[in-house]
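Residue-level listing of the chains:
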Amino acid sequence: MVAAALGRILDHELPAFAASLSREDPAFAVRCASDGALSRALDEARRALLRYATFLDDVCRPAAEPATGLGEQEVCFQLSETMGIPDSPQALVDAARARLGQVQQQLLDAASVVEGAPVLSLGAAREVVARVQGPRPGSLDEVLDLYRSHVSRAAELVDRIAPGLLPPGWSVHVAPAPPGLPYAANWPAPLLDPGRGGCFFVPPDPQGHPLAWAASLAVHEAIPGHYLQSAAWQARFSTASAPVRCLFMSDPVAIAHGFWGAMTNIEGWAVHAEGWMGRAGLYTPDEALCALVSDAIRFARVIADLSLQCGWMTDVEATEVLASACCVSPAMAAGEVARYRRIPLQSVTYGVGLLGLEALLEERTASHGERPLGETYAWWLDQGPVPPADLQRR
């Protein structure tokens, strides 16, 4: 099972790696090709990985116990020590359930606007969502133009309602994702190299880009979400002698260490940015509906991931919760649950990060009074990738 899946991945990734190497260092690739060294190395890598996968199939999988979570004690420790959250898992689940209920009502209202008639159930709303996400771009050029247009529109709106928030001379390069990156992603502005920008990567397959989802994705990954945040941090910390608060803001580093504190800040801001742009009128009715589906998923993740890790839910129950609560397909819901098993607690950073940021901004308004939106958000971005819960205690 593992070997078969890995074989399919290697069939795609190893040739893609060789092609990427040829583009990045043509002279080196030619030397390797001339004596067959690269081909032999790739074959050896493939055999080694497949031997390991066969060992997992034949030895490890038969001996493995049913999937178990981290356990409530470990969950409490990670929430407190890596995210700065003193609340119990149950308290977070309860808060997420309450917020999910609000989002579901908003989702029904948005589906009614799209339909031009009342949509009274989440099942009916799921049918509306499935229909509006049907249209796709026709080519890679159309994909790139689509996202460039959304980034430009969002930037114009930000500049109008929060002047000064965008860094001087900002730009976002929208480009096809390189081989091996199967999803849209922000490649942040390099923290310690202020002369360079980053990139918003999008998968090149036009079928992977429902038009109705593109606007909120561009907001999340680019402006005013991840890319704006990375550019602000570059401006703030590129000359710092020891920007230690930025240690765990890279996804691969955070995943390797299971340290999600910075991600509550990063994902919390990107989700907040989606809502901000929606309230400011950026989205069409179809786009607003899909943005609300994303909101529902973020809060359902808190419920399902924490419940799985604490042993309060099975995989099947978690899949049912996600599919029924968020207007998504059972296949997508099952994929979400597999993610929670693979990288426990990462998915909760979106919802709890948003709740923490909202509480922090409310607290700042109470203590400093109403301030211009650009000034408030500039203060937030100036703090760097610190968990919102930690900033609240300062």
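Residues numbered from 1 in each chain as written. Predicted model: local features only at pLDDT ≥ 70, side-chain atom pairs only at ≥ 80, totals over all residues. Heavy atoms only, no water.

K.L.:
Go over the sheet that holds strand β1 (residues 173-176), please, and point to the residues and values.
P.N.:
The strand order across the open sheet formed by three strands is β1-β3-β2, and the pairing between neighbours is mixed. Every interior strand has two partners, whereas the edge strands, β1 and β2 (185-187), have only one. Across this sheet, the average inter-strand angle for adjacent strands is 30°, counted without regard to direction. One ladder, built from four bridges, connects β1 with strand β3 (residues 199-202); its direction is parallel. Note on β3: the bridge partner recorded for histidine 173 is cysteine 199. (Pairing = 2+ DSSP bridges. Helix = DSSP H or I, 4+ residues; strand = E, 2+ residues; numbered from the N terminus. Axes fitted to C-alpha atoms, helices over the stretch in contact; angles between N-to-C directions.)

K.L.:
Summarise the packing of helix α11 (residues 261-279) against helix α16 (residues 373-382); cite the residues concerned and give the values.
P.N.:
Running from N to C, α11 and α16 cross one another at 165°; their axes reach a closest spacing of 12 Å. Considering their axes alone, α11 and α16 lie roughly antiparallel with respect to each other. Read as a crossing pair, α11 and α16 show a hand that is left-handed. Contact with α11, carried on its side by Asn265, Trp269, His272 and Trp276, involves Leu373, Tyr377, Trp380 and Leu381 of α16 and no other residues of that element. Its residues placed into classes, the contact of α11 with α16 shows six nonpolar, two polar and no charged. (Parallel < 35°, antiparallel > 145°, perpendicular 65-115°, else oblique. Left-handed = near helix turned anticlockwise from the far one by under 90°. Contact = heavy atoms within 4.5 Å. Nonpolar A, V, L, I, M, F, W, Y, C, P; charged D, E, K, R; others polar.)

K.L.:
Tell me about empty space enclosed by the protein, and name the residues and values.
P.N.:
Applying the stated criterion to the full structure yields one cavity of 30 Å³ or more. If you add up the space inside the largest cavity, you get close to 40 Å³. Every residue lining the largest cavity is listed: Leu361, Arg364, Thr365, His368, Gly369, Arg371 and Thr376. No other element matches helix α15 (residues 348-368), which puts four residues into the lining of the largest cavity. Split into classes, the residues belonging to the lining of the largest cavity amount to one nonpolar, four polar and two charged. (1 Å grid on protein atoms, 1.4 Å probe; cavity = no way out; pocket = protein on both sides within 12 Å on 5 of 7 lines; lining within 4 Å. Points joined across faces, edges and corners; volume = space filled by probe spheres on them.)

K.L.:
Describe the packing of aromatic side chains, listing the residues and the values that go with them.
P.N.:
Centre distance and the angle of the planes are the two values used to describe a pair of aromatic rings. Evaluated as defined, the whole model comprises five aromatic pairs. An angle of 65° between the planes, with centres 6.4 Å apart, marks the rings of tryptophan 187 and phenylalanine 201 as edge-to-face. Here phenylalanine 201 lies in strand β3 and tryptophan 187 lies in strand β2, a separation of 14 residues in the sequence. The exposure class assigned to phenylalanine 201 is buried, which follows from its relative accessible area of 16%. Ring centres 5.2 Å apart and planes at 75° place the aromatic pair tryptophan 269 and tyrosine 377 in the edge-to-face group. Here tryptophan 269 is found in helix α11, whereas its partner tyrosine 377 is found in helix α16, with 108 residues between them in sequence. Each member of the pair, tryptophan 269 together with tyrosine 377, is buried. Among the aromatic side chains, those forming a connected cluster through ring pairs are Trp269, Trp276 and Tyr377. Positioned above the aromatic ring of tyrosine 350, the side-chain terminus of arginine 301 is 4.7 Å from the ring centre. A cation sits over an aromatic face here: arginine 364 above tryptophan 379, 4.1 Å from the ring centre. (Phe/Tyr/Trp six-rings, centres within 6.5 Å; stacked < 30°, edge-to-face > 60°. Buried < 20%, exposed > 50% of the residue type's maximum accessible area, 1.4 Å probe, protein only. Lys NZ or Arg CZ within 6 Å of the ring centre and 35° of its normal.)

K.L.:
Any chance you could break down helix α6 (residues 122-132) for me, citing the residues and the numbers?
P.N.:
Residues of α6 that are buried include every one of Leu122, Ala125, Val128, Val129 and Val132, and no others. Considered in projection along α6, the buried side chains sweep an arc of 105° and stay on one side of the axis. The inward-facing, buried residues of α6 contact α5 (89-115), α8 (211-221), α12 (285-310) and α13 (315-326). (Arc of directions from axis to C-beta.)

K.L.:
Could you give an account of the environment of alanine 155, naming the residues involved and the relevant values?
P.N.:
Inspection of the secondary structure assignment puts alanine 155 in helix α7 (residues 140-161). Since its relative accessible area comes to 5%, alanine 155 is described here as buried. Once the C-alpha coordinates of alanine 155 and glycine 225 are considered, the two residues, 70 residues apart in sequence, prove to be 11 Å apart. With residues up to four places along the chain from it excluded, the contact list for alanine 155 reads Leu166, Trp170 and Ile223.

K.L.:
Residues and numbers for the pattern of salt bridges, please.
P.N.:
The final tally for this structure, using the stated rule, is 10 salt bridges. Linked by salt bridges that have partners in common, Glu274, Asp295 and Arg298 make up one network. (Salt bridge = Lys/Arg side-chain N within 4 Å of Asp/Glu carboxyl O.)

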